[in-house]
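Residue-level structural notes
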Amino acid sequence: MQSQLRQLPSVDKLLQTDQLAPLTAIHGRALVVEAIRGELDQARRRIMAGEPAQSLDSLAEAALTRLSVEARPSLQPVINATGVIIHTNLGRALLSRRAQQAMQQAASAYSNLEYNLEAGDRGSRYAHAADLLCRLTGAEAAVVVNNNAGAVILTLTALARDKEVIISRSQLVEIGGGFRIPDIMAQSGARLVEVGTTNRTYLRDYEQAVDPDRTGLLLSVHHSNYQITGFTAQPTLAELAELARRCHLPLMEDLGSGTLLDTLPFGLAHEPTIQESLVAGVDLITASGDKLLGGPQAGLILGKAALIEQLKKHPLIRALRVDKITLAALQATLLAYLEGKATTEIPVWRMISTDITTLARRAQKWRRALLNIPQLAHLPLQVIESASTVGGGSLPGQTLPTRALALAVSSIDALAAQLRQSDPPIITRIDNERLLLDPRTVLPEQDKTLISALKHTLTNYEL
Ligand SMILES: *Cc1c(COP(=O)(O)O)cnc(C)c1O
């Protein structure tokens, strides 16, 4: 064992190998040495366990692999072949080219983020996307914070701390990722007053719960990710707004996805728009920037100027402050709407509106490319009818017809796992014991990378 240990090469010797020598210039000496030490430690443990010493060559290879993993940021691009457009686990909305360019600019040069160019003194970062949001929606005022969960906490804290907030029992939602209305309410210091029943709530339920001293606001929360069907009742937003006005209380709505475009013309159910809620008389709306809006992660708050002013003065807004790069991306995204180019520029809408012929053509193209590889010519690959979803807690139960490339092999889960390990990782959907690749969420410019990663994985895989 001692002689085996003595046979292990020194760090310096490994540093001079063909594999590792060029890497000190790329990753710096310290990282390469760290990877070598890690491998040598492991080699020592193996020898202690009775295994023979590894060769210089195999140690260098192992250090190379370790370095390539350790020097790579853990956040990395993946190919989303799931057909779920706003996939929260995969980063929600992709940004338009215009938004990407705006982010690049905001990152690389100073800006008037909080500087008033006319007066030459301090300005407000909250001015930036607000005008665009107002122009697009007709809102009196708007403010943007870090995300929608933050927007809801800020609004409830600033407007209803130590007060009662009245909400229908059917809207005590959990969005996922730890966002549950009752918990958010408790966190804000507001007291939850639930009215009605799970399936039916009437205007009079709200009315009876209003107390002139205790009530802080009426809250409506959009059923983002579930449906209540059958024997149901819920007053309209306009009815609630009328009640709120009569009681001199604000009506707040957490709209969740917060779309500016009607989803109906895209073959989907109608998802309530921000504009509709404002017209109905909602005083404050909160929505996400990175769901159907198709922009960066952000929490949009729109509504009455006096209420927005109250939010801007609350100390919590500092903790939820939106970043300059986010503001740049959001402005660019909103401009596309203003110019009527949302469906051609914004990836979420481009994916929603991709027609079935295009999808079928791409799935066929992938199929042919794979079958043209001699080792894969025997694969049971088919283009099948399937369904994509919008995701992001919007349009529950709604699907978009698609064409997917389907692979029917026996060990589907193992193959899906293998594809997740490919470079770049490919995330697929499993349906009916078939592995599906949905072209709707794969960018056309990713086709080449997808095919080569698929080819690599499938040729090295025992099907
Ligand atoms: C998604 C969603 C949230 C949370 O928004 P984030 O942008 O993820 O913070 C809150 N409320 C509703 C109704 C939602 O759909």
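Residues numbered from 1 in each chain as written. Predicted model: local features only at pLDDT ≥ 70, side-chain atom pairs only at ≥ 80, totals over all residues. Heavy atoms only, no water.

1. A short note on the overall build of the protein chain
- Within the protein chain one finds 20 helices and 18 strands.
- Counting only C-alpha atoms and orienting by the principal axes, one finds that the protein chain spans roughly 90 × 55 × 45 Å.
- Out of the 463 residues belonging to the protein chain, those deemed buried represent 48%.
- Nonlocal contacts in the protein chain, meaning residues at least 24 apart in sequence, comprise 74% of its contacts between residues at least 6 apart.
- With the model as given, the accessible surface of the protein chain reaches about 22,600 Å², and the carbon-plus-sulfur share is 50%.
- Measuring between centres, the 46 positive side-chain charges of the protein chain sit 4 Å from its 46 negative side-chain charges. (Helix = DSSP H or I, 4+ residues; strand = E, 2+ residues; numbered from the N terminus. Buried < 20%, exposed > 50% of the residue type's maximum accessible area, 1.4 Å probe, protein only. Contact = heavy atoms within 4.5 Å. Areas by Shrake-Rupley, 256 points an atom, 1.4 Å probe, with all protein chains shown as cover. Lys, Arg positive; Asp, Glu negative; His and termini not counted. Charge placed at Lys NZ, Arg CZ, Asp CG, Glu CD.)

2. A few points about unusual backbone geometry
- Between aspartate 423 and the following residue, proline 424, the backbone shows a cis peptide bond with an omega angle of 0°.
- Position of proline 424 among the secondary structure elements: in the loop between helix H19 (412-420) and strand E16 (426-427).
- In this structure, aspartate 162 is a non-glycine residue whose phi angle is positive, near 60°.
- Within the secondary structure, aspartate 162 is located in the loop between helix H8 (148-160) and strand E6 (164-168).
- Phi is positive for histidine 248, close to 55°, though the residue is something other than glycine.
- Mapped onto the secondary structure, histidine 248 falls in the loop between helix H11 (237-246) and strand E11 (251-256).

3. Things to note about helix H4 (residues 29-48)
- Its 20 residues give H4 an end-to-end C-alpha distance of 28 Å, which sits within 8% of 28 Å, the value for a rise of 1.5 Å per residue.
- The set of residues buried in H4 consists of Val32, Val33, Ala35, Ile36, Gly38, Glu39, Leu40, Ala43 and Ile47.
- Summarising the contacts, the buried residues of H4 are in contact with helix H1 (2-7), helix H2 (11-15), helix H3 (23-27) and helix H5 (56-70).
- Once H4 finishes, glycine 50 follows within two positions and takes phi at roughly 100°, a positive value. (Expected span 1.5 Å × (residues − 1).)

4. Overview of the domain arrangement of the protein chain
- Split by domain assignment, the protein chain resolves into domain 1 (2-70), domain 2 (79-88 + 350-459) and domain 3 (97-345).
- Its C-alpha centre places domain 1 at a distance of 39 Å from the equivalent point of domain 2. (Domains from an automatic or database assignment.)

5. Some details on the packing of H8 against helix H13 (residues 305-313)
- Close contact between H8 and H13 brings their axes to 9 Å; oriented N to C, the two are set at 100°. Comparing the axis directions of H8 and H13 gives the class roughly perpendicular. The segment H8 lies against H13, with Leu154, Thr155, Ala158 and Leu159 engaging Leu307, Gln310 and Leu311.
- For the contact of H8 with H13, the class distribution of residues is five nonpolar, two polar and no charged. (Axes fitted to C-alpha atoms, helices over the stretch in contact; angles between N-to-C directions. Parallel < 35°, antiparallel > 145°, perpendicular 65-115°, else oblique. Nonpolar A, V, L, I, M, F, W, Y, C, P; charged D, E, K, R; others polar.)

6. Overview of the site of the ligand
- Around the ligand lies a shell formed by Arg92, Asn147, Asn148, Ala149, Ile175, Phe179, His222, Ser224, Asp254, Gly256, Ser288 and Lys291.
- Contact between the ligand and asparagine 147: an oxygen atom at 3.3 Å from a side-chain N or O atom of the residue.
- Between the ligand and asparagine 148 there is a distance of 3.2 Å, counted from an oxygen atom to a backbone nitrogen or oxygen.
- Looking at the shell around the ligand, the elements that each hand over two or more residues are H8 and E11.
- Residue composition of the shell around the ligand, grouped by class: three nonpolar, six polar and three charged. (Near = heavy atom within 4 Å. Polar contact = N/O pair within 3.5 Å; in protein donor to acceptor, adjacent residues only side chain to side chain.)

7. Let's talk about the pairing of strand E12 (residues 284-288)
- Counting buried residues along E12, five of its five residues qualify, which places the element largely inside the surrounding structure.
- On E12, burial covers both faces: Leu284, Thr286 and Ser288 on one face and Ile285 and Ala287 on the other are all buried.
- Here four bridges tie E11 to E12, and the two strands are oriented parallel to one another. Looking at E12, one finds that glycine 256 is bridged to alanine 287.
- Considered for its hand, the β-α-β crossover made up of E11, helix H12 (residues 274-280) and E12 is right-handed.
- Where E12 lies against strand E13 (residues 299-303), five bridges are found, and the strand directions are antiparallel. (Pairing = 2+ DSSP bridges. Right-handed = clockwise from strand over helix to strand, strands pointing away.)

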